[in-house]
Amino acid sequence: MADNPKKKGRDRELVSEQEHEVAYLMRTAKVTRQRALEAIREAEPNREKVMAYLGKK
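Residues numbered from 1 in each chain as written. Predicted model: local features only at pLDDT ≥ 70, side-chain atom pairs only at ≥ 80, totals over all residues. Heavy atoms only, no water.

**Considerations on the confidence of the model for the protein chain**
Consideration 1: Residues at a pLDDT of 70 or more form 79% of the protein chain, whose mean pLDDT is 85.
Consideration 2: Here helix H3 (residues 47–53) stands out as the least confident element of the protein chain, with mean pLDDT 92; helix H2 (residues 33–42) is the most confident, with 94. (pLDDT = per-residue confidence, 0-100. Helix = DSSP H or I, 4+ residues; strand = E, 2+ residues; numbered from the N terminus.)

**Considering H2**
Consideration 1: Those residues of H2 that fall on the buried side of the exposure criterion are Ala-36, Leu-37, Ala-39 and Ile-40. Down the axis, H2 shows its buried residues gathered within 155° of arc, on one side only. Residues Gln-34, Arg-41 and Glu-42 are exposed on H2 and point more than 90 degrees away from its buried face.
Consideration 2: Where the residues of H2 are buried, they touch helix H1 (19–29) and H3.
Consideration 3: Taken from the residues just after H2, Glu-44 is the one with a positive phi, measuring 65°. (Buried < 20%, exposed > 50% of the residue type's maximum accessible area, 1.4 Å probe, protein only. Arc of directions from axis to C-beta. Contact = heavy atoms within 4.5 Å.)

Below you can see the structure in the form of structure tokens.
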């Protein structure tokens, strides 16, 4: 993830463990913080894989 969350480009395809990224996952996938962090670690930092891991697409 870029230092600037408003930056566009390849970074949009990735998910990091930064607080705003985890909060977004929690909100969109309706999961707990622990589950969101687990998905990021298990499914690589690829946003598509994380959402598929959480059962949302």
